[in-house]
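An overview of the molecular structure
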Amino acid sequence: MKRIAVLTSGGDSPGMNAGVRAVVRAAHFHRLEVFGVEQGYRGLIDGEMEPLSARSVSGIIHRGGTILRTARCPEFMEPEGRAQAAQQLNSRGIDGLVVIGGDGSYRGAHALSQEHGTLCIGMPGTIDNDIGGTDFTIGYDTALNVAVEAIDRIRDTAASHDRLFYIEVMGRHSGYLAIMSGIAGGAEYILVPERPTNIDDLIDQLREGRDRGKESSIVVVAEGDDAGKAIDISREVATRSEFKHSRVVVIGHLQRGGNATAFDRILASRLGARAVDALREGIGGQMAGVQGSEVTLCPLSDAWEKRTRFDPAFLHLARVLAT
Ligand code: ADP
Ligand code: F6P
(Lines give C-alpha, C1' and ligand atoms only; values in the text may rest on other atoms or scores of the structure.)
(Ligands and ions follow the chains in the order given, each with its own letter.)
Protein backbone atom coordinates (compact mmCIF):
# COMPACT_ATOMS: atom_id res chain seq x y z
CA MET A 1 0.00 0.00 0.00
CA LYS A 2 1.51 3.30 -1.13
CA ARG A 3 -1.39 5.69 -1.50
CA ILE A 4 -4.60 6.12 0.41
CA ALA A 5 -7.43 8.66 0.41
CA VAL A 6 -9.72 10.01 3.10
CA LEU A 7 -13.18 11.58 2.83
CA THR A 8 -15.99 12.74 5.09
CA SER A 9 -19.55 11.88 4.06
CA GLY A 10 -23.15 12.34 5.21
CA GLY A 11 -23.94 14.69 8.11
CA ASP A 12 -20.87 16.37 9.59
CA SER A 13 -19.97 15.86 13.23
CA PRO A 14 -17.51 17.55 15.59
CA GLY A 15 -14.30 15.54 15.69
CA MET A 16 -14.28 14.68 11.99
CA ASN A 17 -11.35 17.09 11.59
CA ALA A 18 -9.45 15.34 14.36
CA GLY A 19 -10.15 12.12 12.44
CA VAL A 20 -8.87 13.54 9.14
CA ARG A 21 -5.76 14.82 10.91
CA ALA A 22 -5.13 11.43 12.51
CA VAL A 23 -5.43 9.63 9.16
CA VAL A 24 -3.10 12.10 7.46
CA ARG A 25 -0.51 12.11 10.22
CA ALA A 26 -0.55 8.32 10.65
CA ALA A 27 -0.20 7.89 6.89
CA HIS A 28 2.83 10.17 6.78
CA PHE A 29 4.33 8.47 9.82
CA HIS A 30 4.19 5.21 7.87
CA ARG A 31 5.40 6.88 4.67
CA LEU A 32 2.15 6.57 2.77
CA GLU A 33 0.86 9.27 0.46
CA VAL A 34 -2.58 10.47 1.43
CA PHE A 35 -5.19 12.29 -0.66
CA GLY A 36 -8.03 14.35 0.79
CA VAL A 37 -11.28 13.99 -1.16
CA GLU A 38 -13.59 17.03 -1.23
CA GLN A 39 -17.29 16.68 -0.41
CA GLY A 40 -17.51 12.96 0.19
CA TYR A 41 -18.56 10.71 -2.65
CA ARG A 42 -19.31 13.74 -4.84
CA GLY A 43 -15.59 14.56 -4.93
CA LEU A 44 -14.70 10.92 -5.45
CA ILE A 45 -16.85 10.74 -8.58
CA ASP A 46 -15.64 14.11 -9.89
CA GLY A 47 -11.98 13.50 -9.06
CA GLU A 48 -11.82 16.39 -6.58
CA MET A 49 -8.89 15.17 -4.50
CA GLU A 50 -5.46 16.51 -3.61
CA PRO A 51 -2.47 15.16 -1.71
CA LEU A 52 -2.45 16.31 1.92
CA SER A 53 0.85 17.01 3.66
CA ALA A 54 1.29 16.44 7.37
CA ARG A 55 1.34 20.22 7.81
CA SER A 56 -1.90 20.73 5.87
CA VAL A 57 -3.84 19.40 8.86
CA SER A 58 -2.17 21.64 11.43
CA GLY A 59 -4.46 23.59 13.73
CA ILE A 60 -7.64 21.62 13.03
CA ILE A 61 -7.76 19.06 15.83
CA HIS A 62 -10.26 21.14 17.81
CA ARG A 63 -12.42 22.52 15.00
CA GLY A 64 -15.98 21.37 14.34
CA GLY A 65 -17.21 20.69 10.81
CA THR A 66 -14.88 19.12 8.29
CA ILE A 67 -12.14 20.83 6.29
CA LEU A 68 -12.81 18.32 3.49
CA ARG A 69 -16.48 19.34 3.51
CA THR A 70 -19.18 16.73 3.16
CA ALA A 71 -22.12 15.97 0.91
CA ARG A 72 -24.98 13.65 0.23
CA CYS A 73 -24.46 12.22 -3.24
CA PRO A 74 -27.33 10.35 -4.94
CA GLU A 75 -25.12 9.39 -7.91
CA PHE A 76 -23.04 7.16 -5.64
CA MET A 77 -26.15 5.07 -4.98
CA GLU A 78 -25.93 3.94 -8.62
CA PRO A 79 -23.39 1.39 -9.95
CA GLU A 80 -22.32 3.87 -12.67
CA GLY A 81 -21.39 6.48 -10.07
CA ARG A 82 -19.36 3.98 -8.07
CA ALA A 83 -17.59 2.77 -11.23
CA GLN A 84 -16.55 6.33 -11.99
CA ALA A 85 -15.33 6.77 -8.41
CA ALA A 86 -13.29 3.56 -8.62
CA GLN A 87 -11.80 4.76 -11.90
CA GLN A 88 -10.75 8.06 -10.26
CA LEU A 89 -9.00 6.16 -7.48
CA ASN A 90 -7.35 3.66 -9.83
CA SER A 91 -6.06 6.34 -12.18
CA ARG A 92 -4.20 7.91 -9.24
CA GLY A 93 -2.87 4.61 -7.93
CA ILE A 94 -4.88 4.93 -4.70
CA ASP A 95 -5.44 1.50 -3.16
CA GLY A 96 -7.17 2.30 0.11
CA LEU A 97 -9.95 4.63 1.24
CA VAL A 98 -10.94 5.83 4.71
CA VAL A 99 -14.59 6.88 4.93
CA ILE A 100 -15.60 9.00 7.92
CA GLY A 101 -19.38 9.08 8.13
CA GLY A 102 -22.54 7.28 9.14
CA ASP A 103 -24.12 3.99 8.13
CA GLY A 104 -25.32 5.37 4.78
CA SER A 105 -21.73 6.21 3.90
CA TYR A 106 -20.70 2.67 4.85
CA ARG A 107 -23.33 1.16 2.60
CA GLY A 108 -21.66 3.11 -0.19
CA ALA A 109 -18.18 1.96 0.88
CA HIS A 110 -19.42 -1.62 1.11
CA ALA A 111 -20.82 -1.47 -2.42
CA LEU A 112 -17.60 0.09 -3.74
CA SER A 113 -15.46 -2.65 -2.22
CA GLN A 114 -17.81 -5.42 -3.40
CA GLU A 115 -17.98 -4.14 -6.97
CA HIS A 116 -14.43 -2.85 -7.47
CA GLY A 117 -12.30 -4.41 -4.75
CA THR A 118 -11.37 -1.04 -3.23
CA LEU A 119 -10.09 -1.50 0.32
CA CYS A 120 -12.33 0.69 2.48
CA ILE A 121 -12.15 1.34 6.21
CA GLY A 122 -14.92 3.23 7.98
CA MET A 123 -14.69 5.59 10.94
CA PRO A 124 -18.01 6.31 12.68
CA GLY A 125 -18.79 10.03 12.44
CA THR A 126 -22.26 11.09 13.54
CA ILE A 127 -23.73 12.87 16.54
CA ASP A 128 -26.51 10.24 16.78
CA ASN A 129 -24.39 7.46 18.34
CA ASP A 130 -26.49 4.86 16.58
CA ILE A 131 -23.83 2.95 14.64
CA GLY A 132 -23.31 -0.71 15.41
CA GLY A 133 -19.84 -2.05 16.22
CA THR A 134 -18.74 0.88 18.36
CA ASP A 135 -19.75 2.11 21.80
CA PHE A 136 -19.33 5.72 20.71
CA THR A 137 -19.35 7.65 17.45
CA ILE A 138 -17.18 10.68 16.76
CA GLY A 139 -19.20 13.82 17.55
CA TYR A 140 -21.74 12.35 19.94
CA ASP A 141 -19.99 13.52 23.10
CA THR A 142 -19.65 17.08 21.79
CA ALA A 143 -23.29 17.23 20.68
CA LEU A 144 -24.40 15.79 24.01
CA ASN A 145 -22.53 18.47 25.91
CA VAL A 146 -23.99 21.21 23.71
CA ALA A 147 -27.50 19.88 24.37
CA VAL A 148 -26.89 19.64 28.11
CA GLU A 149 -25.54 23.19 28.24
CA ALA A 150 -28.65 24.38 26.40
CA ILE A 151 -30.91 22.53 28.84
CA ASP A 152 -29.03 24.07 31.79
CA ARG A 153 -29.54 27.54 30.36
CA ILE A 154 -33.20 26.98 29.70
CA ARG A 155 -33.71 25.61 33.18
CA ASP A 156 -32.53 28.95 34.60
CA THR A 157 -35.23 30.87 32.80
CA ALA A 158 -37.86 28.11 33.19
CA ALA A 159 -37.38 28.14 36.95
CA SER A 160 -37.54 31.94 37.11
CA HIS A 161 -40.91 32.02 35.35
CA ASP A 162 -42.40 28.72 36.60
CA ARG A 163 -42.64 27.60 33.00
CA LEU A 164 -42.98 24.39 31.08
CA PHE A 165 -40.41 24.06 28.28
CA TYR A 166 -40.16 21.54 25.47
CA ILE A 167 -36.61 21.17 24.17
CA GLU A 168 -36.11 19.39 20.86
CA VAL A 169 -32.77 17.70 20.32
CA MET A 170 -31.49 15.99 17.17
CA GLY A 171 -32.06 12.34 16.37
CA ARG A 172 -34.35 11.47 13.49
CA HIS A 173 -34.16 7.75 14.17
CA SER A 174 -32.30 7.62 17.44
CA GLY A 175 -33.18 8.82 20.94
CA TYR A 176 -29.64 8.46 22.24
CA LEU A 177 -28.94 12.19 22.44
CA ALA A 178 -32.39 12.84 23.91
CA ILE A 179 -32.21 10.27 26.68
CA MET A 180 -28.66 11.12 27.72
CA SER A 181 -29.08 14.89 27.55
CA GLY A 182 -32.40 14.53 29.37
CA ILE A 183 -30.81 12.56 32.20
CA ALA A 184 -27.78 14.85 32.41
CA GLY A 185 -30.01 17.93 32.27
CA GLY A 186 -32.49 16.61 34.84
CA ALA A 187 -35.49 16.60 32.47
CA GLU A 188 -38.92 15.80 33.85
CA TYR A 189 -39.90 13.78 30.78
CA ILE A 190 -38.03 12.42 27.75
CA LEU A 191 -39.62 11.42 24.44
CA VAL A 192 -37.68 9.14 22.10
CA PRO A 193 -38.45 7.42 18.77
CA GLU A 194 -37.69 4.01 20.32
CA ARG A 195 -40.77 4.14 22.59
CA PRO A 196 -44.30 5.03 21.42
CA THR A 197 -45.30 8.36 22.93
CA ASN A 198 -48.37 8.48 25.14
CA ILE A 199 -49.52 12.10 25.50
CA ASP A 200 -51.85 11.25 28.38
CA ASP A 201 -48.98 9.69 30.29
CA LEU A 202 -46.95 12.84 29.69
CA ILE A 203 -49.81 14.97 31.03
CA ASP A 204 -50.15 12.70 34.07
CA GLN A 205 -46.44 13.04 34.77
CA LEU A 206 -46.58 16.82 34.48
CA ARG A 207 -49.53 16.90 36.89
CA GLU A 208 -47.83 14.59 39.36
CA GLY A 209 -44.72 16.73 39.23
CA ARG A 210 -46.75 19.87 39.86
CA ASP A 211 -48.54 18.18 42.78
CA ARG A 212 -45.15 17.25 44.25
CA GLY A 213 -44.14 20.91 44.13
CA LYS A 214 -42.41 21.26 40.76
CA GLU A 215 -43.11 24.75 39.49
CA SER A 216 -41.27 24.39 36.20
CA SER A 217 -40.70 21.39 33.98
CA ILE A 218 -38.51 20.42 31.07
CA VAL A 219 -39.59 17.89 28.46
CA VAL A 220 -36.81 16.73 26.12
CA VAL A 221 -38.09 15.57 22.72
CA ALA A 222 -36.04 13.71 20.09
CA GLU A 223 -36.79 15.28 16.69
CA GLY A 224 -37.89 11.89 15.33
CA ASP A 225 -40.46 11.15 18.01
CA ASP A 226 -43.52 9.30 16.72
CA ALA A 227 -45.88 11.92 18.18
CA GLY A 228 -44.24 14.66 16.11
CA LYS A 229 -41.93 17.57 16.69
CA ALA A 230 -41.73 19.38 20.02
CA ILE A 231 -44.11 22.07 18.76
CA ASP A 232 -46.73 19.46 17.79
CA ILE A 233 -46.46 17.79 21.17
CA SER A 234 -46.77 21.08 23.04
CA ARG A 235 -49.95 21.87 21.07
CA GLU A 236 -51.42 18.44 21.72
CA VAL A 237 -50.75 18.72 25.45
CA ALA A 238 -52.27 22.23 25.47
CA THR A 239 -55.39 20.93 23.70
CA ARG A 240 -55.87 18.08 26.12
CA SER A 241 -54.89 19.70 29.42
CA GLU A 242 -54.42 22.79 31.55
CA PHE A 243 -50.73 23.04 30.43
CA LYS A 244 -51.43 25.70 27.82
CA HIS A 245 -48.62 28.20 28.22
CA SER A 246 -45.37 26.52 27.38
CA ARG A 247 -42.27 27.48 25.40
CA VAL A 248 -40.57 25.39 22.72
CA VAL A 249 -36.84 25.47 21.93
CA VAL A 250 -35.30 23.58 19.02
CA ILE A 251 -31.57 23.19 19.57
CA GLY A 252 -31.15 21.84 16.03
CA HIS A 253 -27.88 22.23 14.19
CA LEU A 254 -26.21 24.05 17.09
CA GLN A 255 -25.51 20.49 18.24
CA ARG A 256 -23.47 19.78 15.13
CA GLY A 257 -21.05 22.70 15.44
CA GLY A 258 -18.38 24.01 17.77
CA ASN A 259 -15.07 22.72 19.07
CA ALA A 260 -14.93 18.98 19.63
CA THR A 261 -14.62 17.77 23.22
CA ALA A 262 -11.41 16.09 24.37
CA PHE A 263 -13.31 12.78 24.31
CA ASP A 264 -14.21 13.15 20.63
CA ARG A 265 -10.71 14.30 19.68
CA ILE A 266 -9.10 11.32 21.40
CA LEU A 267 -11.64 8.90 19.93
CA ALA A 268 -11.11 10.27 16.41
CA SER A 269 -7.33 10.17 16.85
CA ARG A 270 -7.34 6.54 17.95
CA LEU A 271 -9.71 5.44 15.20
CA GLY A 272 -7.83 7.35 12.50
CA ALA A 273 -4.53 5.70 13.41
CA ARG A 274 -6.24 2.27 13.48
CA ALA A 275 -7.85 2.86 10.10
CA VAL A 276 -4.45 3.54 8.52
CA ASP A 277 -2.94 0.48 10.21
CA ALA A 278 -5.78 -1.65 8.86
CA LEU A 279 -5.12 -0.48 5.29
CA ARG A 280 -1.40 -1.13 5.75
CA GLU A 281 -2.30 -4.66 6.82
CA GLY A 282 -4.34 -5.06 3.62
CA ILE A 283 -7.64 -5.12 5.50
CA GLY A 284 -10.79 -3.64 3.92
CA GLY A 285 -14.55 -3.76 4.40
CA GLN A 286 -14.19 -3.01 8.12
CA MET A 287 -14.98 -0.17 10.49
CA ALA A 288 -12.69 1.01 13.28
CA GLY A 289 -14.62 1.47 16.51
CA VAL A 290 -14.19 1.45 20.25
CA GLN A 291 -15.61 -1.28 22.47
CA GLY A 292 -14.89 -0.88 26.15
CA SER A 293 -11.36 0.48 26.27
CA GLU A 294 -10.26 -1.32 23.09
CA VAL A 295 -10.05 -0.05 19.54
CA THR A 296 -11.63 -2.75 17.39
CA LEU A 297 -12.48 -3.62 13.80
CA CYS A 298 -15.86 -4.98 12.72
CA PRO A 299 -17.50 -5.59 9.31
CA LEU A 300 -18.93 -2.41 7.78
CA SER A 301 -22.35 -4.10 7.68
CA ASP A 302 -22.42 -4.22 11.50
CA ALA A 303 -22.97 -0.46 11.33
CA TRP A 304 -26.53 -0.92 10.06
CA GLU A 305 -27.25 -4.56 10.97
CA LYS A 306 -26.35 -4.13 14.65
CA ARG A 307 -27.40 -0.54 15.20
CA THR A 308 -26.55 0.78 18.66
CA ARG A 309 -29.58 1.45 20.82
CA PHE A 310 -29.51 2.87 24.31
CA ASP A 311 -30.26 0.52 27.15
CA PRO A 312 -34.01 0.84 27.99
CA ALA A 313 -32.96 0.94 31.66
CA PHE A 314 -32.06 4.59 31.03
CA LEU A 315 -35.74 5.37 30.39
CA HIS A 316 -36.63 3.93 33.77
CA LEU A 317 -33.77 5.80 35.40
CA ALA A 318 -34.99 9.08 33.91
CA ARG A 319 -38.45 8.44 35.32
CA VAL A 320 -37.14 7.56 38.78
CA LEU A 321 -34.98 10.67 38.89
CA ALA A 322 -37.85 12.95 37.81
CA THR A 323 -39.71 12.14 41.04
P1 ADP B 1 -24.71 9.03 6.78
O2 ADP B 1 -23.43 8.47 6.25
O3 ADP B 1 -24.49 10.15 7.75
O4 ADP B 1 -25.63 7.95 7.28
P5 ADP B 1 -26.34 9.32 4.35
O6 ADP B 1 -27.28 8.23 4.71
O7 ADP B 1 -26.92 10.57 3.80
O8 ADP B 1 -25.44 9.80 5.57
O9 ADP B 1 -25.32 8.72 3.30
C10 ADP B 1 -24.25 9.50 2.80
C11 ADP B 1 -23.97 9.14 1.37
O12 ADP B 1 -23.59 7.76 1.29
C13 ADP B 1 -25.18 9.23 0.44
O14 ADP B 1 -25.39 10.54 -0.02
C15 ADP B 1 -24.74 8.33 -0.71
O16 ADP B 1 -23.82 8.98 -1.53
C17 ADP B 1 -24.02 7.21 0.06
N18 ADP B 1 -24.95 6.10 0.29
C19 ADP B 1 -25.90 6.01 1.24
N20 ADP B 1 -26.59 4.84 1.14
C21 ADP B 1 -26.04 4.18 0.09
C22 ADP B 1 -26.31 2.91 -0.53
N23 ADP B 1 -27.27 2.09 -0.11
N24 ADP B 1 -25.53 2.57 -1.58
C25 ADP B 1 -24.55 3.38 -2.02
N26 ADP B 1 -24.26 4.57 -1.50
C27 ADP B 1 -24.97 4.98 -0.43
O1 F6P C 1 -27.53 12.07 11.47
C2 F6P C 1 -27.12 13.22 12.11
C3 F6P C 1 -28.22 14.24 12.12
O4 F6P C 1 -27.73 15.39 12.77
C5 F6P C 1 -29.53 13.77 12.74
O6 F6P C 1 -29.53 13.80 14.15
C7 F6P C 1 -30.49 14.74 12.12
O8 F6P C 1 -31.79 14.22 12.07
C9 F6P C 1 -29.95 14.91 10.73
O10 F6P C 1 -28.57 14.62 10.80
C11 F6P C 1 -30.15 16.28 10.16
O12 F6P C 1 -29.67 16.29 8.88
P13 F6P C 1 -29.59 17.59 7.96
O14 F6P C 1 -28.21 18.13 8.14
O15 F6P C 1 -29.82 17.08 6.60
O16 F6P C 1 -30.62 18.56 8.44
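To keep things clear, this report deals only with the structure shown in the data block. None of the values given here were measured: they were computed from a predicted structure.

With respect to the overall build of the protein
When helices and strands are tallied, the protein shows 11 helices and 11 strands. When the backbone C-alpha atoms are referred to their principal axes, the protein occupies close to 70 × 35 × 30 Å. Sorting the 323 residues of the protein into buried and exposed places 54% on the buried side. In the protein, the proportion of contacts linking residues at least 24 apart, taken out of those at least 6 apart, comes to 76%. The averaged location of the 42 negative side-chain charges in the protein is 4 Å from the averaged location of its 36 positive side-chain charges.

Examining the site of ligand 1
Close to ligand 1 lie 15 residues; Arg 72, Cys 73, Gly 102, Gly 104 and Ser 105 are nearest. Within the side chain of Asp 103, an N or O atom sits 3.5 Å from an oxygen atom of ligand 1. Within the side chain of Ser 105, an N or O atom sits 2.5 Å from an oxygen atom of ligand 1. Against a free-state accessible area of 560 Å², the protein chains account for coverage of 78% of ligand 1. Element by element, the count of residues in the shell around ligand 1 is highest for helix α4 (residues 103–116), at 5 residues.

A short note on the packing of helix α1 (residues 16–29) against helix α9 (residues 262–280)
As a packed pair, α1 and α9 sit with axes 7 Å apart at the nearest point and diverge in direction by 40°. Along this stretch, α1 crosses α9, giving a crossing that reads as right-handed. On α9, the residues that touch Ala 18, Gly 19, Ala 22, Val 23, Ala 26 and Ala 27 of α1 are Arg 265, Ala 268, Ser 269, Gly 272, Ala 273 and Val 276. Grouping the constituent residues of the contact of α1 with α9 by class yields 8 nonpolar, 3 polar and 1 charged.

Looking at a nonpolar patch on the surface
On the surface, Ile 231, Val 248 and Val 250 cluster together to form a nonpolar patch covering roughly 200 Å² of accessible area. Following the sequence through the fold, Val 250 ends up in strand β9 (residues 246–250).

A look at the site of ligand 2
Looking at ligand 2, the residues that line it are Arg 72, Thr 126, Ile 127, Asp 128, Met 170, Gly 171, Arg 172, Glu 223, His 253 and Arg 256. Contact between ligand 2 and Arg 72: an oxygen atom at 2.9 Å from a side-chain N or O atom of the residue. A distance of 2.3 Å separates an oxygen atom of ligand 2 from a polar side-chain atom of Glu 223. When ligand 2 is considered free in solution it has 400 Å² of accessible area, and contact with the protein chains removes 78% of it. For the shell around ligand 2, the residue count by class is 2 nonpolar, 3 polar and 5 charged.

Points about the sheet that holds strand β7 (residues 189–191)
Within the open sheet, the 4 strands sit side by side as β7-β8-β6-β9. Their pairing is parallel. Bordering the open sheet on either side are β7 and β9, each of which pairs with just one other strand. Direction aside, the axes of adjacent strands within the sheet are offset by 20° on average. Docked against the sheet, helix α5 (residues 140–161) engages β6 (164–169), β8 (217–222) and β9, running at close to 165° with respect to β6.

Considerations on the pattern of salt bridges
Using the criterion set out here, one finds 22 salt bridges in the structure. The closest approach of N and O atoms between Glu 38 and Arg 69, which form a salt bridge, is 2.7 Å. Note that Glu 38 is positioned in the loop between β2 (33–37) and α2 (40–46) and Arg 69 in the loop between β3 (49–51) and α3 (79–91), a separation of 31 residues in sequence. Residue classification places Glu 38 among the partly exposed residues on the basis of a relative accessible area of 25%. Glu 115 is the salt-bridge partner of Arg 82, the closest N and O atoms lying 2.7 Å from each other.

A look at the environment of Asp 141
As for its position among the elements, Asp 141 is in helix α5. With 120 residues separating them in the primary sequence, Asp 141 and Thr 261 have C-alpha atoms 6.8 Å apart. Setting aside residues no more than four positions away along its own chain, Asp 141 makes contact with Thr 261, Phe 263 and Asp 264.

Side note on the sheet that holds strand β11 (residues 294–299)
Spatial strand order, β3-β2-β1-β4-β5-β10-β11: 7 strands in an open sheet with mixed pairing. The open sheet has two edge strands, β3 and β11, and neither has a second partner. Each neighbouring strand pair of the sheet contributes to a mean axis angle of 25°, computed without reference to strand direction. As defined by bridge partners, strand β4 (residues 96–101) adjoins strand β5 (residues 119–124) across 6 bridges and the pair is classed as parallel. Across the sheet, the residue bridging to Val 99 is Gly 122, located in β5. Those strands touched by α9 are β1 (3–8), β4, β5, β10 (286–291) and β11, and its axis lies near 170° from that of β5.

Calculation notes
Residues numbered from 1 in each chain as written. Chains lettered and ligands numbered in written order. Predicted model: local features only at pLDDT ≥ 70, side-chain atom pairs only at ≥ 80, totals over all residues. Heavy atoms only, no water. Helix = DSSP H or I, 4+ residues; strand = E, 2+ residues; numbered from the N terminus. Buried < 20%, exposed > 50% of the residue type's maximum accessible area, 1.4 Å probe, protein only. Contact = heavy atoms within 4.5 Å. Lys, Arg positive; Asp, Glu negative; His and termini not counted. Charge placed at Lys NZ, Arg CZ, Asp CG, Glu CD. Near = heavy atom within 4 Å. Polar contact = N/O pair within 3.5 Å; in protein donor to acceptor, adjacent residues only side chain to side chain. Areas by Shrake-Rupley, 256 points an atom, 1.4 Å probe, with all protein chains shown as cover. Axes fitted to C-alpha atoms, helices over the stretch in contact; angles between N-to-C directions. Left-handed = near helix turned anticlockwise from the far one by under 90°. Nonpolar A, V, L, I, M, F, W, Y, C, P; charged D, E, K, R; others polar. Patch = residues over 30% accessible without salt bridge, like charges linked within 9 Å, V, L, I, M, F, W, Y side chains within 5 Å. Salt bridge = Lys/Arg side-chain N within 4 Å of Asp/Glu carboxyl O. Pairing = 2+ DSSP bridges.

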